[in-house]
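Commentary on secondary and tertiary structure
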Amino acid sequence: MDQDGDGIRGEAAPDAYRGTLFSAAATIQAGDTTYDGRYLVTSNSTVTINGLHAFGGVGVYGGGVITHSATTADTLYKMELTLNDELYLDATSKIDVTAKGYLAGRTVGNVTTAAAQDLSGGTYGGEGFMPTASTGPTNRAYGDYRNPTEPGSGGGLHLTWGAGSGGGVINITADSATINGSILSNGGNGGISADPAGSGGSIWIDVGTLSGTGVIAANGGNGYVSGGSGGGGRIALYYGDMSGFTLANVQSHGGKGAGNAGGAGSVYLNPSSGMGTLRIDTHITASDTTPRALTPLGIPGDTTFEVERLVVAGRYAVAVPERAGLAIQAGEIVIESGGALSHRAATATEVFNLEVTTGTLTIDSNSESRIDASAKGYLAGRTLGNETIGAAQDLAGGGYGGEGFAPSASTGPTNRAYGDYRDPTEPGSGGGLHLTWGAGSGGGVIKIAASSATIDGSILSNGGSGAFSADPAGSGGSIRVDVGTLSGAGIIAANGGNGYVSGGSGGGGRVAIYYEDMSGFSLANVQSHGGKGAGNAGGAGSVYLKPSGGIGTLRIDTHINASDTTPRALTPLGIPGDTLFQVE
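Every value quoted in this text rests on a predicted model; they were computed, and no experiment measured them.

1. Concerning the sheet that holds strand β16 (residues 250–251)
In spatial order, the strands read β2-β4-β7-β10-β12-β14-β16; together these seven strands make up an open sheet with parallel pairing. Lying at the two open borders of the sheet, with one neighbouring strand each, are β2 (26–28) and β16.

2. Here we look at the packing of aromatic side chains
Tallied over the entire structure, the rule returns 11 aromatic pairs. Measuring from centroid to centroid gives 5.4 Å for Tyr 145 and Tyr 268, while their planes differ by 70°, and the two rings are edge-to-face. You can see Tyr 145 sitting in the loop between β10 (94–96) and β11 (169–179) and its partner Tyr 268 sitting in strand β17 (residues 266–271), a full 123 residues away along the chain. By the burial criterion, Tyr 145 is buried, and Tyr 268 matches it. Connected via pairs of aromatic rings, a cluster forms that spans Tyr 145, Trp 204, Tyr 238, Tyr 268 and Phe 305. Here the guanidinium or amino end of Arg 146 rests over the ring plane of Tyr 145, the centre of that ring lying 5.0 Å away. In this arrangement the basic side chain of Arg 510 is found over the ring face of Tyr 400, its NZ or CZ atom lying 5.4 Å from the centre.

3. Quick word on the sheet that holds strand β27 (residues 458–460)
If you trace the seven strands from one edge of the open sheet to the other, you get β19-β21-β23-β25-β27-β29-β31, paired in parallel fashion. Edge positions in the sheet fall to β19 (295–297) and β31 (526–527), since each of these pairs with one other strand and no more. The pairing of strand β25 (residues 370–372) with β27 spans three bridges and is classified as parallel. Counterpart to Ile 371 in the pairing with β27 is Ile 459.

4. With respect to a nonpolar patch on the surface
On the surface, Leu 435, Trp 437, Phe 468, Tyr 500 and Val 501 cluster together into a nonpolar patch covering about 480 Å² of accessible area. Tracing the sequence through the fold places Phe 468 in the loop between β27 and β28 (478–488).

5. Notes on the nonpolar core
If you look at the biggest cluster of nonpolar residues, it comprises 46 residues, and the most contacted ones within it are Leu 278, Leu 341, Ile 371, Ile 459, Leu 486 and Ile 513. Other than its neighbours up to four places away in sequence, Ile 459 contacts Ile 363, Ile 371, Ile 446, Ile 448, Ile 479, Ile 491, Ile 492 and Ala 493. In terms of nonpolar packing, the next biggest core, distinct from the first, is built from 36 residues, Val 58, Leu 87, Ile 179 and Ile 203 among them.

6. Considering the environment of Pro 148
Inspection of the secondary structure assignment puts Pro 148 in the loop between β10 and β11. For Pro 148, a relative accessible area of 1% gives the class buried. The spacing of Pro 148 and Gly 201 is 53 residues in sequence and 8.5 Å in space, taken between C-alpha atoms. Not counting residues up to four positions away in its chain, the partners in contact with Pro 148 are Tyr 124, Ser 202, Ile 203, Trp 204, Arg 234, Ile 235 and Ala 236.

7. Here we look at unusual backbone geometry
In this structure, Ala 99 is a non-glycine residue whose phi angle is positive, near 60°. Positionally, Ala 99 belongs in the loop between β10 and β11.

8. A few points about the pattern of salt bridges
According to the stated counting rule, one finds 17 salt bridges in the structure shown. Notably, a salt bridge pairs Arg 480 with Asp 423, separated by 3.0 Å at the nearest N-O pair. With a gap of 57 residues between them, Arg 480 in strand β28 and Asp 423 in the loop between β25 and β26 (445–455) connect regions that are remote in the sequence. Look at Arg 480 and you get buried, because its relative accessible area is 16%. Relative accessible area serves as the criterion here: at 31%, Asp 423 is assigned to the partly exposed category. The salt bridge partner of Lys 532 is Asp 564, with a shortest N-O separation of 2.9 Å. With Lys 532 in the loop between β31 and β32 (542–547) and Asp 564 in the segment after β33 (553–555), this residue pair connects regions lying 32 residues apart in the sequence.

Calculation criteria
- Residues numbered from 1 in each chain as written.
- Predicted model: local features only at pLDDT ≥ 70, side-chain atom pairs only at ≥ 80, totals over all residues.
- Heavy atoms only, no water.
- Pairing = 2+ DSSP bridges.
- Helix = DSSP H or I, 4+ residues; strand = E, 2+ residues; numbered from the N terminus.
- Phe/Tyr/Trp six-rings, centres within 6.5 Å; stacked < 30°, edge-to-face > 60°.
- Buried < 20%, exposed > 50% of the residue type's maximum accessible area, 1.4 Å probe, protein only.
- Lys NZ or Arg CZ within 6 Å of the ring centre and 35° of its normal.
- Patch = residues over 30% accessible without salt bridge, like charges linked within 9 Å, V, L, I, M, F, W, Y side chains within 5 Å.
- Areas by Shrake-Rupley, 256 points an atom, 1.4 Å probe, with all protein chains shown as cover.
- Salt bridge = Lys/Arg side-chain N within 4 Å of Asp/Glu carboxyl O.
- Core = buried A, V, L, I, M, F, W, Y, C linked by side-chain atoms within 4.5 Å.
- Contact = heavy atoms within 4.5 Å.

Written as structure tokens, this is what we have:
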């Protein structure tokens, strides 16, 4: 230990202390004050510490492990340590409560109600993956990203086989922490056959100085074969200085099985002097086609999701509002390194949207960094009001601002135009159901209010393309941006999807931008094009531009300047029921 805080450990007199050495397995139960105020040193042994304790300090050496007991169906265990001096882990040692949270088939409150089912991985900060073969879903997200105190959830009970438990709970307050080993609260892996995994658990650290070359992780467990992998847990670090610790080594990844991956969990970083940052980060840079679960922002019951600074980073990191209608309020939002902000895909009974209010919005130039609601609007065969009546039929592409293309071979037309070009709030329409094959869904709904936005990536609400055979495509969706200053080299687009072969392409959606200054953003990069398949194209949608001190302009623009003989659908002005079409 470094009792006198001079950076030199183990000085004979200045660093002398009263301590207890554990060289064999031991357990300190909750309420046992025998070692309170002492320095605990463990070497080449496992010490189990349950409950709340106040020690002088903790040192773990020589492959030593500190843990807590595994939660049972009746008893929940946690580790809560307050240290007057330092926490030190050498490179061979760890604090590890992996798979010591809620058992398989259990979730928050240690109950089975609403827990992950069948093949689904457990959820906490990130969602567990639900394979298509699963007879039930994962559990809902829970807990406070700023104050994680709950165990992770277990995977579903598939034929009562060996699904993984969730990660446990670590809470440490210390003057300083040197982590050369690891602090872990990972979910348990699926054991055999098609077993799903548990979610990561909770790690909460409040420290003056954090340093070292180690890892702090609350990752989801790995599903076994077709078992769903667990979602990431929750980590919160409160610190004065962590310049000596690598941020990339603070992880709350989703687990990854043979064919699926859980969603990333939450990492909250709060310096003693500065803005708190919530990071959703997969740390993935390479291509990976593994199907991956989402990261919910908020929990059931929230009326708004509030955060000082939100960073979504890493390829395949996709953060969404936990439920329909949950607005996001932030001081700053950064999307970088391939991360994405989105909303859930519409179903036959429910539609979703993404509503964001922020001071500043930054999307970096990574080609995958984006706000993206593409193909998350009305399903194939559905239109305004989530109805099948009046929807695009057979081979016809979906329409919204622009008409979907109806091939001559189609047994029915596209749907009629709808919505307000000045205030687009509706999802795009799906393509027709040609023999119930894989027609594209419409684009979703994005609404952003920001004092400034730098868009070097993209904001997208494109229609889904036809998947195979003669499938038609969905229309573009809705994007509304209210911004002081808009700049960047990126794209804002609500384009229609592309029809597959003889399937009709989708019409463009609707984009509205209200701004004070967008001189730093190219008008040509604001698009609502019709999709284009092998032999047809949808009609252009609407783009409305309204400066704060000027006239509003409605643009219908294909941005095509070369010869193109592709048959193309029209752009309607007005919607059914209008008696007059008015525009500035």
